[in-house]
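# A closer look at the structure
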Amino acid sequence: MTQINPEEFIVTDFAVREHRSLWGDAWRRLISSNTARLGMFVVILFISSATLSHFFWEYEPKKDLDYSLKLKAPNLTVTEEIPSIHPFGTDKLGRDIFRRVVHGGWNSLRVGIVAVGISLIFGGVIGLLTGFYETITMTTVERITLFGISGFLLGSLSAWIANQPLQLVGFTLLGLVAGYFEGFWAGQLKRVVFFSVLGILISAVPALFAGSSVALVCGVLGLLTGIFLALALDGRFFSNVMMRIMDMILSFPGYLLAIAIVAFLGPGLGKGMIAIGVVGIPVYARLTRSAVLSVVNKEYILAAQSVGESHGRIIFRHITPNILSPIIVQTTMGLANAILSAAALGFLGLGAIPPEPEWGAMLGDSYRYLTSGAWWAVLFPGLAIMLSVLGFNLLGDGLRDALDPKLRT
Amino acid sequence: MKHLLEVKNLETRFYMQDGVVKAVNNVSYTMDRGEILGVVGESGCGKSVHALSMMQLIPYPPGKITNGEVWLDGQDLLTLSEEEMQKVRGREIAMIFQDPMTSLNPVYTVGFQIMEALLLHNNMSRREARDRAGELLELVGIPGAKDRLDDYPHQFSGGMRQRAMIAMGLSCEPKLLIADEPTTALDVTIQAQIIDLVKKLQDELGMAIMWITHDLGVVAELAHTINVMYAGSIVETGKIHNIYKDTKHPYTIGLLGSLPRLDDAPGTELVSIPGLPPDLLALPEGCPFAARCVYRIDKCLAEKPPLVEINGKDHAVACWRWEEIAGMGSR
Amino acid sequence: MTRYIIRRIISVIPTLIGVTFVIFMFQRLIPGDPAIAMLGEHATEDSINRIREQFGLNRPLFLDREALATGDLSGFFDSQYVNYMERLSHLDLGESIHRRIPVLETLKLRFPATVELSLLSMIIAILIGIPVGIISASRRNSLIDSVSMVGSLIGVSMPIFWLGLMEIMLLAVILKWLPAGGRLSTGFEINGITHLYLVDSLLNGDLAGFKDALSHIIMPAVALATIPMGIIARMTRSSMLDVLQEDYIRTARAKGLGGRLVLFRHALKNAALPVVTIIGLQAGTLLAGAVLTETIFSWPGIGRWVYDAILGRDYPIVQGGTLLIALIFVAVNLIVDILYALLDPRIRYK
């Protein structure tokens, strides 16, 4: 028998694997789930019916009025009394509810999309920046910018009190200097004294023209600003300040803040969008920040840094694609929430201005007729809200299962 | 009963969306009392899954044991109900896991987690169990053991946590301790300490140990017998000197060749096995290693070789051409 | 532990200051002059100025730099914000502009109604949501799991004002089982220390009163509980599923623990952490949702009151009500954080 020797290794490998892209994989998981398919169906149904009716089914809410058809129950056939078909009945002004529900979808979905857009853009940027700079050291340019802005913001109070805009320039310069010479007497008392003296000079000397008390107050402010600028401000500090602001917004429960904002801006669809969007900002900021924090310490970010990629490039090329999945899921579910909040505002009379059709406002318009038996005027707009919200939620759920590798089975 | 453990034709499948993963395929072997068995293979070769199958700890669904018998001391574990199996787990067979960082429950004290099995299996009072837990922690070499019972896992270092895991495994004096890559997550120095500890404990307590690892170097110091697994099957098994001195299976040869040796002449190149292990979703018809094997002949692709004994030498190999292959020791 | 609590309490202070600041800003920035709102459109210039002076509305918002320029340091700080903070520090929330009743007094009357409603809703949401979540997680992908998850998703998607209306239609209008609104039927009176009618009537041994109070509260409470219930059930399930995949669950099972012990002892305590957090956050949803529910069910709580006040530009009420709601929300979440530390030794020992 011939013996083979183990040293004669030659590379042979034909263990070929099917290539699968990450997103393709997620897509396949998404469409294989019943609930996600149902969600997608509902969402597409609502979006297409709202869009199509908006562009192809004319409706003029201001002229829609027919007291002879006031509060008629749903009918599917034409009778002598009611010469037209109203599958969802009519409301207190004799308007066809089916038509208004279909058209109302345009307004409700629009509010949802714009509101989520506002929350996503502002919240996303805040979250990206805070999460990133909380862990990654700032470059000189970034630090100087941060110091300059801090100097400007802190100096603005003193400048306002003394009524001397020139002080702003001084404080901004002081900030820029403090940022540029970060290492100058770093961590020593000398540095604090130096910058606070500079701060007093910048604020109090010009303020002397306005009076001695003004100079005194401004001097104190200048001293504080100087001390502050002498400290080593960093991304962590910036992140803390931003997150405290987000906490503050979050400490107003739900649509109470939206109600307050609309009360401040006055009612109307556009204002409702802004209000709901602003209320959502901290949610997205927090989510994005925590997602960034979970990837920013990964080796591939370190690798990108070690080959000298710029911060902007790291954020957009390496971090953003890796945090997309939770944000996509949150955005989908956020749409559901925004539609719900918009309906609530509409119900309270703070959303769409009548006679503009909007689901919440339709409910708010008609619920007083419930006791007189006009259930249809309440049932159908509410069903439309619930089903559209449910559709987005189902889709969001499906997306989470599809995008979250942890729950794969 | 001659053997402590006898595994016959064990087969485990995972039923996934993409198909059936053949994780463990027709695995049979025996273990004696007091024996240390090393189960060696790459990650994903089914070595851990086969141990979890014996414990019936496979997540179901999607995992399922589709065939086989696991005889422990005259009892077929696979026929036991879940309730009966609970009495076996921890008492007859104990298991230590790979990552001590995540294998301890963070919200309970280490002491409580050791006591838990004692309270469950040994009908001890809390006080007795606590004393015993203290003794166990001392046995595994944790300094100031009694005072650390009330510590939470996050207050322990990685090595200490693994020692605590071992204490937990030993608490009911099992007949068989399965250690699933217990040193993989640890530093090399800590690894050596844990291995020494296990050796010492085995001398003192005499239980059988199944040591699952991908590191042939580790089992070389420890095991009496070795099972080499590849793609869910045992490809070579035997007493340790047979495996190291008279290696027959091309895969084992590859594994050993990729291991640096002190007696290698300077300049000796380490050999790596080309390619990747096969996709367990689509196992090839023939020998699972054929795709990466330099000795491959047509028969290897067509038919899976059975595990055959090499006459009377406590050594078996699953390869069509084992007779032609020169043992590793002969080089 | 104590240090953690102290640190946590201190960290709330800037939030609180911010909250008072935002509320102050809102009520001052809302369009419309409160003096005109108080006196009506046809008030004379003179009387408007008098009212402004009386309520300090003629002072600058934050700081008076003109006063400072003349060397008047105390005048510098004599502003609407400083005065507002000063009044706030003695719990003086001012008077309702329209009714001239101290805000605090009305708050005291109306607050218990909202608390009772929110508490009962939360209890309903927790008692149903958590068990449903646990059962779903322990029988993943079973029929029960699918049904309860679709159910809770419908709950999360529910416009609660609509659900409330449907309840009224079905149970009050059609079936006439329950009253459509209010807190008590006429003729009933419940007095007691807690001002929570359900509790007080039980303490007084007034069974008829309890029944009447319950029949009034049950519909709004269920409507208000729907969303938190769905959220809690879903959170419990996903958190349980996460935990059940952890290595220490396998360790516990390898020790020979039975399914129930593993579930309730090893999994639940770990899974409780995110659930507790979400419950805290739901407190806000409840309090805000109260605005809607209270409107529909004519429930005499603060939600509806604040809403009416916003529409009527009754600033002191808006200020007092919103402040109270925000304070409760902050307090609940502070408590949740402390609870969190009690549950999780990793935080406790930091």
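Residues numbered from 1 in each chain as written. Chains lettered and ligands numbered in written order. Predicted model: local features only at pLDDT ≥ 70, side-chain atom pairs only at ≥ 80, totals over all residues. Heavy atoms only, no water.

### Digging into the overall build of chain B
Condition: Put simply, DSSP H or I for four residues or longer makes a helix, DSSP E for two residues or longer makes a strand, and each gets a number counted from the N terminus. Between the two quantities, the radius of gyration covers C-alpha atoms and the globule rule is 2.2 Å times the number of residues to the power 0.38. Each residue's exposure class comes from its accessible area (1.4 Å probe, protein chains only) as a fraction of the maximum for that residue type: buried when under 20%, exposed when over 50%, partly exposed otherwise. The contact rule is simple, with two residues in contact once any of their heavy atoms fall within 4.5 Å. Accessibility throughout is a Shrake-Rupley quantity obtained with a 1.4 Å probe, and a residue counts as covered only by protein chains that appear here. The convention is simple: Lys and Arg are positive, Asp and Glu are negative, and His and the chain ends are not counted. To locate a charge, the coordinates of NZ of Lys, CZ of Arg, CG of Asp or CD of Glu are taken.
The helix and strand tally for chain B stands at ten helices and twelve strands. Taken over C-alpha atoms, the radius of gyration comes to 21 Å for chain B, in line with the 20 Å a tight globule of 331 residues would show. If you line up chain B on its principal axes, its C-alpha atoms span 65 × 50 × 40 Å. Sorting the 331 residues of chain B into buried and exposed places 56% on the buried side. Within chain B, contacts between residues at least 6 apart in sequence are counted, and of these 65% link residues at least 24 apart. Accessible surface, chain B as shown: approximately 13500 Å² in total, 49% of it carbon and sulfur. Charge-centre separation for chain B: the mean point of 32 positive side chains lies 1 Å from the mean point of 44 negative side chains.

### Describing the environment of Leu334(C)
Residues and elements named next belong to chain C. In this structure, Leu334 sits in helix 15 (residues 315-343). C-alpha separation for the pair Leu334 and Ser11, spaced 323 residues apart in sequence, amounts to 9.7 Å. Excluding residues within four positions of it along the chain, Leu334 makes contact with Arg8, Ile9 and Val12.

### Observations concerning the interface of chain A and chain C
For clarity, the cut-off: The quantity reported as buried area is the accessible area (1.4 Å probe) lost by two parts once they are put together, taken as the sum for both. Note on definitions: salt bridges are taken to be side-chain nitrogens of Lys or Arg within 4 Å of carboxyl oxygens of Asp or Glu.
Listed per partner, the contact involves 53 residues of chain A and 52 residues of chain C. Interface area for chain A against chain C, summed over the two sides, is near 4700 Å², with a carbon-plus-sulfur share of 78%. Remark: the boundary between chain A and chain C carries one salt bridge. Mapped onto the side of chain A that touches chain C, the elements with two or more residues apiece are helix 4 (140-162), helix 7 (212-230), helix 8 (235-250), helix 9 (254-265), helix 12 (311-347) and helix 14 (376-403) of chain A.

### Some points on the layout of surface pockets
Here is the rule we go by: The rule is simple: put a 1 Å grid over the protein atoms alone, call a set of points where a 1.4 Å probe fits but cannot get out a cavity, call an open set with protein on both sides within 12 Å along at least five of seven lines a pocket, and count a residue as lining if it has an atom within 4 Å of a point. Grid points are joined across faces, edges and corners, and a volume is the space filled by probe spheres set on the points.
In this structure, the second largest pocket occupies an estimated 2000 Å³ of space. Taken together, 46 residues make up the lining of the second largest pocket; nearest its centre are Ile58(B), Pro59(B), Tyr60(B), Pro61(B) and Arg253(C). Looking at the lining of the second largest pocket, the elements that each hand over two or more residues are strand 1 (5-16), helix 1 (47-55), strand 4 (63-72) and helix 2 (82-88) of chain B together with helix 7 (103-138), helix 11 (207-244), helix 12 (247-254) and helix 13 (259-296) of chain C. Considering every element that reaches the lining of the second largest pocket, the biggest residue donor is helix 13 of chain C, with five residues.

### Quick word on helix 4 (residues 126-139) of chain B
Residue and element names in this part refer to chain B. Heads up, the rule is: How far a helix is expected to stretch is found by multiplying one less than its residue total by 1.5 Å.
Look at helix 4: 20 Å from first C-alpha to last across 14 residues, which is about the 20 Å you get at 1.5 Å a residue. Of the positions making up helix 4, those classed as buried are Ala129, Arg132, Ala133, Gly134, Leu136 and Leu137. Turning to helix 4, the residues buried within the fold contact helix 3 (110-121) and helix 5 (158-170). Note on helix 4: the residue one or two positions beyond its end, Gly141, has a positive phi of about 80 degrees.

### So, empty space enclosed by the protein
Residue and element names in this part refer to chain B. The test is simple: Classes in brief: Ala, Val, Leu, Ile, Met, Phe, Trp, Tyr, Cys and Pro nonpolar; Asp, Glu, Lys and Arg charged; the others, Gly included, polar.
All told, the structure shown has six cavities of 30 Å³ or more when counted by the stated rule. Approximately 90 Å³ is the volume found for the second largest cavity. Around the second largest cavity, the lining residues are His249, Pro250, Cys287, Phe289, Ala290, Cys293, Tyr295, Cys300, Pro305, Cys319, Trp320 and Arg321. Residues belonging to the lining of the second largest cavity are distributed by class as follows: ten nonpolar, one polar and one charged.

### So, the domain arrangement of chain B
All names here are of chain B. Which entries qualify depends on this criterion: What fixes the domain bounds is an automatic or database domain assignment. Two N or O atoms form a polar contact when they lie within 3.5 Å of each other; inside protein one atom must be a possible hydrogen donor and the other a possible acceptor, and for residues adjacent in sequence the pair counts only when both atoms belong to side chains.
Domain parsing of chain B yields domain 1 (5-92 + 174-325) and domain 2 (106-171). Summing the contributions of domain 1 and of domain 2, the shared interface buries around 1200 Å²; its carbon and sulfur component is 70%. Inspection of the region where domain 1 meets domain 2 yields zero salt bridges. There are three residue pairs in polar contact (both at pLDDT 80 or more) connecting domain 1 and domain 2. Within the residue set of the side of domain 1 that touches domain 2, elements represented by two or more residues are helix 2 and helix 6 (188-205). Considering every element that reaches the side of domain 1 that touches domain 2, the biggest residue donor is helix 6, with nine residues.

### Overview of the pairing of strand 8 (residues 208-213) of chain B
Residue and element names in this part refer to chain B. Here is the rule: Any two strands between which DSSP finds at least two bridges are classified as paired.
Burial runs high along strand 8: six of the six residues are buried. Burial of strand 8 is two-sided: the residues Ala208, Met210 and Ile212 facing one way and the residues Ile209, Trp211 and Thr213 facing the other way are all buried. With five bridges joining them, strand 3 (residues 36-40) and strand 8 adopt parallel strand pairing. Within strand 8, the position partnered with Val40 by the bridge is Thr213.

### Points about the sheet that holds strand 9 (residues 225-230) of chain B
The pairing of strands in a sheet comes from backbone hydrogen bonds and takes either a parallel or an antiparallel form. Residue and element names in this part refer to chain B. Definition in use: To obtain an axis, a line is fitted to C-alpha atoms, over the contacting stretch when the element is a helix, and the angle between two such axes runs from 0 to 180 degrees between their N-to-C directions.
Strand order across the open sheet formed by eight strands is 6-7-8-3-9-10-12-11, with mixed pairing between neighbours. Every interior strand has two partners, whereas the edge strands, strand 6 (93-96) and strand 11 (308-309), have only one. Of the pairings in the sheet, the one linking strand 11 to strand 12 (residues 315-317) comprises two bridges and is antiparallel in character. By the bridge assignment, Val308 is partnered in strand 12 with Val317. Of the strands in this sheet, strand 3, strand 6, strand 7 (176-180), strand 8 and strand 9 touch helix 1, which is tilted by about 145 degrees from strand 8.

### Observations concerning the packing of helix 13 (residues 359-366) of chain A against helix 14 of chain A
Angle between the axes and distance between the axes: these two values describe a pair of packed helices. Residues and elements named next belong to chain A. This is how it is decided: Roughly parallel covers angles under 35 degrees, roughly antiparallel covers those over 145, roughly perpendicular covers 65 to 115, and oblique covers all other angles. The handedness criterion is simple: a crossing whose near helix is rotated anticlockwise from the far helix by less than a right angle is left-handed, and one whose near helix is rotated clockwise is right-handed.
The contact between helix 13 and helix 14 brings their axes to 9 Å, and the two run at 155 degrees. The angle between the axes of helix 13 and helix 14 places the two elements in the roughly antiparallel class. Read as a crossing pair, helix 13 and helix 14 show a hand that is left-handed. Contacts from Trp359, Gly360, Met362, Leu363 and Ser366 of helix 13 reach helix 14 at Ala377, Val378, Pro381, Gly382, Ala384, Ile385 and Ser388. Looking at side-chain class alone, the contact of helix 13 with helix 14 contains eight nonpolar, four polar and no charged residues.

### Details of the nonpolar core
For soluble globular proteins, nonpolar side chains are generally found buried alongside one another. Applied cut-off: By convention a nonpolar core is built from buried Ala, Val, Leu, Ile, Met, Phe, Trp, Tyr and Cys residues, the set being connected through side-chain atoms within 4.5 Å.
By size, the foremost hydrophobic cluster in this structure holds 131 residues, and its most contacted members are Phe347(A), Phe161(C) and Trp162(C). Summarising the domain contributions, this core has at least three residues from each of domain 1 (2-89) and domain 2 (108-313) of chain C. Filtering out sequence-adjacent residues up to four positions away, Trp162(C) remains in contact with Leu363(A), Val378(A), Leu379(A), Gly382(A), Leu383(A) and Met386(A). Counting residues in hydrophobic clusters, the runner-up holds 106 residues, among them Ala23(B), Met207(B), Cys293(B) and Trp322(B).

### Here's the deal with the packing of helix 14 (residues 302-311) of chain C against helix 15 of chain C
All names here are of chain C. Where helix 14 meets helix 15, the closest approach of the two axes is 9 Å, and the angle between their N-to-C directions is 140 degrees. Handedness of the crossing formed by helix 14 with helix 15: left-handed. Counted together, Ile302, Trp305, Val306, Ala309 and Ile310 of helix 14 and Ile317, Val318, Gly321, Thr322, Leu324 and Ile325 of helix 15 form the full contact between these two elements. Its residues assigned to classes, the contact of helix 14 with helix 15 comprises nine nonpolar, two polar and no charged.

### Structural notes on the side chain of His311(A)
Residue and element names in this part refer to chain A. Note that His311 resides in helix 12. The exposure class assigned to His311 is buried, which follows from its relative accessible area of 11%. Ignoring anything within four residues of it in the chain, the contact list for His311 reads Phe132, Tyr133, Ile136, Thr137, Met138, Thr139 and Glu142.

### Quick notes on the environment of Ala331(C)
With respect to the element layout, Ala331(C) can be found in helix 15. Linking Ala331(C) and Val12(C), residues 319 residues apart in sequence, is a C-alpha distance of 8.8 Å.

### Some details on the domain arrangement of chain C
For chain C, the assigned domains are domain 1 (2-89) and domain 2 (108-313). Placing a centre on the C-alpha atoms of domain 1 of chain C and another on those of domain 2 of chain C gives a separation of 37 Å.

### Quick look at the environment of Ile218(C)
Along the polypeptide, Ile218(C) turns up in helix 11. When the C-alpha atoms of Ile218(C) and Pro179(C) are compared, they prove to be 9.9 Å apart, with 39 residues separating the residues in sequence.

### Side note on the confidence of the model for chain C
Residues and elements named next belong to chain C. The condition that has to hold: pLDDT expresses how confident the predictor is about each individual residue, on a scale running from 0 to 100.
Of the residues in chain C, 96% have a pLDDT of 70 or more, and the chain-wide mean is 83. The spread of mean pLDDT over the elements of chain C runs between helix 2 (residues 34-39), the lowest at 68, and helix 7, the highest at 91. Confidence estimates for the predicted assembly give a pTM of 0.82 and an ipTM of 0.82.

### Overview of the pairing of strand 6 of chain B
Residue and element names in this part refer to chain B. Of the two faces of strand 6, the one carrying Ile93 and Met95 and the one carrying Ala94 and Ile96 are both buried. Here strand 6 pairs with strand 7 via four bridges, running parallel. Within strand 7, the residue paired with Ile96 across the bridge is Ala179.

### Things to note about the sheet that holds strand 1 of chain B
All names here are of chain B. Taken in spatial order, the four strands line up as 2-1-4-5 in an open sheet, and their pairing is antiparallel. Each end of this open sheet is capped by a strand with a single partner; those strands are strand 2 (19-31) and strand 5 (75-76). Both strand 1 and strand 2 contribute to a ladder of nine bridges, which runs antiparallel. Residue pairing for strand 2: Phe14 is matched across the bridge by Val21. The strands touched by helix 1 within the sheet are strand 1, strand 2 and strand 4, with strand 1 carrying the most contacts at an inclination of about 105 degrees.

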